[in-house]
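Given next are the chains, with one letter for each unit.
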Amino acid sequence: MSDATNLRRQAVLLTGASRGLGRHTALRLARAGMRVALCARDRSALEGVAHEVEALGGEALVCPLDLRDAAQIDAAVTRTLDAFGRIDVLINNAGLGWYKPFTEWTREEIDTVLSVNLAGLIHLTHAVLPHMLERGSGYLVNVASDIGRRVIPNMAAYVAAKHGVVGFSGALLREVKDRGIRVSVLLPGIIDTYFGGGEEGSRDPSWSLHPADVAAVIETLLRQPPGLVLDEVTLHPLGQEF
Ligand SMILES: NC(=O)c1ccc[n+]([C@@H]2O[C@H](COP(=O)([O-])OP(=O)(O)OC[C@H]3O[C@@H](n4cnc5c(N)ncnc54)[C@H](OP(=O)(O)O)[C@@H]3O)[C@@H](O)[C@H]2O)c1
């Protein structure tokens, strides 16, 4: 692992920062000295996370964003660039899904899963990437799921979106890697968060990952030396069937 100080003052735009894995990632990266733009829809939850970051001596920007809205995506990028002057790292973490037979999914739920988990991630990347290319460096971390590489029933639209994230990430890496940009895609198994209407702390740790441990893996990705990328990283709790 390279110098533990090399993330200091780097600016990260993080989606899904209001709770769950995103909140733990914000706190982890703030401890490493990064400046964090906190994006999600719930402004008051973001303000709570910002206070936690500031209590650690870190710097946070509250940046409300609904990933289904292109204008809000552009506004979040502009706001982050205005505040921090740069975006070194984009972490596309926001996501949601439900577990039920496909015919019980409403059309609105299908659209939401595809637009937040896949189209929103692609549009936000499209908005940030030109600034990274201009500077000749940058790091994109896309949070997919182990379901981005395997399939399960009752989450078909979610499976489709996460397979899309894995494909997008690998294709983009090959396009931009020679211009100083790295792309990692993370494929975690079950994480103990609010996902699917759950409550953080309610899942058995024998078959669920602690979100702080997944956040630590994200920090490890960012700390790799510039010529190395962990392009696809899968992690599971040992008690999960996979
Ligand atoms: N938990 C698991 O078992 C698991 C396993 C594998 C992968 N993942 C992935 O891990 C990532 C983080 O999820 P999590 O487990 O931390 O779930 P979570 O606790 O429910 O957090 C989801 C985050 O996504 C944000 N979000 C939802 N809809 C949004 C929208 N329209 N626009 C912007 N942000 C939105 C939420 O904020 P607001 O509601 O405030 O907008 C929240 O911050 C997701 O991509 C998920 O698919 C989770």
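These lines cover the structure that appears in this document, whether it is placed above or below. Owing to the predicted nature of the structure, the values given are computational and were not obtained by experimental measurement.

## As for the overall build of the chain
Looking only at helices and strands, the chain features six helices and seven strands. Since a compact globule built from 242 residues should have a radius of gyration of about 18 Å, the 17 Å found for the chain is in line with a globular shape. The principal-axis extent of the C-alpha atoms belonging to the chain is close to 45 × 35 × 35 Å. Expressed as a percentage of its 242 residues, the buried residues of the chain come to 41%. Within the chain, contacts between residues at least 6 apart in sequence are counted, and of these 67% link residues at least 24 apart.

## Digging into the site of the ligand
Contacts to the ligand come from 28 residues, most closely from Gly 20, Arg 41, Asp 42, Gly 95 and Phe 195. The leading source of residues in the shell around the ligand is helix H1 (residues 20-31), at three residues. Split by residue class, the shell around the ligand holds 14 nonpolar, nine polar and five charged.

## Regarding the sheet that holds strand S4 (residues 89-92)
Two pairing modes exist for strands in a sheet, parallel and antiparallel, and in both the strands are linked by backbone hydrogen bonds. With parallel pairing, seven strands are arranged side by side in an open sheet as S3-S2-S1-S4-S5-S6-S7. Strands with a single pairing partner mark the edges of an open sheet, and in this sheet they are strand S3 (59-64) and strand S7 (232-235). Taken over all neighbouring pairs, the strand axes of this sheet differ in orientation by 15° on average, direction set aside. In the sheet, strand S2 (residues 35-40) pairs with S3 via six bridges, with the strands oriented parallel. Paired with Cys 39 across the bridge in S3 is Cys 63. Each of strand S1 (11-15), S2 and S3 touches helix H3 (residues 70-84); the most contacted strand, S3, lies at about 160° to it.

## What to know about the packing of helix H4 (residues 107-135) against helix H5 (residues 156-176)
Following both chains from N to C, one finds H4 and H5 inclined at 10°, their axes separated by 9 Å at the closest point. By the angle between their axes, H4 is roughly parallel relative to H5. For the pair H4 and H5, the contacting residues are Ile 110, Val 113, Leu 114, Asn 117, Leu 118, Leu 121 and Ile 122 in the first and Ala 157, Tyr 158, Ala 161, Lys 162, Gly 164, Val 165 and Phe 168 in the second. Residues of the contact of H4 with H5, tallied by class, amount to 11 nonpolar, two polar and one charged.

## A few points about the nonpolar core
If you look at the biggest cluster of nonpolar residues, it comprises 67 residues, and the most contacted ones within it are Val 12, Leu 14, Ala 26, Val 36, Ala 37, Leu 38 and Cys 39. With eight residues, H4 is the largest single contributor of residues to this core.

## Considerations on the environment of Asn 93
Secondary-structure assignment places Asn 93 in the loop between S4 and H4. Since 25 C-beta atoms lie within 10 Å of it, Asn 93 is described here as buried. In sequence terms Asn 93 and Ala 216 are 123 residues apart; their C-alpha atoms lie 14 Å from each other. Contacts of Asn 93, omitting those with residues within four sequence positions, involve Leu 14, Thr 15, Gly 16, Leu 21, Gly 22, Thr 25 and Val 143.

## Some words on H4
Taking 1.5 Å of rise per residue, 29 residues should cover 42 Å, and H4 covers 41 Å from first to last C-alpha, within 8% of that figure. Along H4, the sharpest change in direction is near 40° and occurs at Ser 115. Among the residues of H4, Val 113, Val 116, Asn 117, Leu 118, Gly 120, Leu 121, Leu 124, Val 128, Leu 129 and Met 132 are the ones counted as buried. Lining the buried residues of H4 we find S1, H3, S4, strand S5 (138-143), H5 and strand S6 (181-188). Of the residues flanking the end of H4, it is Gly 136, one or two places downstream, whose phi is positive at about 75°.

## Looking at the pairing of S7
Sheet topology note: the S6/S7 ladder contains four bridges and is parallel. Within S7, the residue paired with Leu 187 across the bridge is Thr 234.

## Details of H1
Here H1 is 12 residues long and its end C-alpha atoms lie 17 Å apart, about the 16 Å a rise of 1.5 Å per residue gives. Most of H1 is tucked away: 11 of the 12 residues are buried. Considered for burial, the residues of H1 that qualify are Gly 20, Leu 21, Gly 22, Arg 23, His 24, Thr 25, Ala 26, Leu 27, Arg 28, Leu 29 and Ala 30. Two residues or fewer past H1, Gly 33 is found with a positive phi of approximately 95°.

## Comments concerning the pairing of S6
Across the eight residues of S6, eight count as buried, placing the element largely inside the fold. Side chains Ile 181, Val 183, Val 185 and Leu 187 project from S6 onto one buried face, and the interleaved Arg 182, Ser 184, Leu 186 and Pro 188 project onto a second face that is buried too. Pairing of S5 with S6, which is carried by six bridges, proceeds in the parallel orientation. Note on S6: the bridge partner recorded for Val 141 is Ser 184. With H5 bridging S5 and its parallel neighbour S6, the resulting β-α-β unit is right-handed.

Calculation criteria
Residues numbered from 1 in each chain as written. Predicted model: local features only at pLDDT ≥ 70, side-chain atom pairs only at ≥ 80, totals over all residues. Helix = DSSP H or I, 4+ residues; strand = E, 2+ residues; numbered from the N terminus. Rg over C-alpha atoms; globule rule 2.2 N^0.38 Å. Buried ≥ 20, exposed ≤ 12 C-beta atoms within 10 Å, placed from the backbone. Contact = placed C-beta atoms within 7 Å. Near = placed C-beta within 6 Å. Nonpolar A, V, L, I, M, F, W, Y, C, P; charged D, E, K, R; others polar. Pairing = 2+ DSSP bridges. Axes fitted to C-alpha atoms, helices over the stretch in contact; angles between N-to-C directions. Parallel < 35°, antiparallel > 145°, perpendicular 65-115°, else oblique. Core = buried A, V, L, I, M, F, W, Y, C linked by C-beta atoms within 7 Å. Expected span 1.5 Å × (residues − 1). Bend = angle between axes of the 7 residues up to and from the residue. Right-handed = clockwise from strand over helix to strand, strands pointing away.

Distances and angles like these do not, on their own, reveal function.
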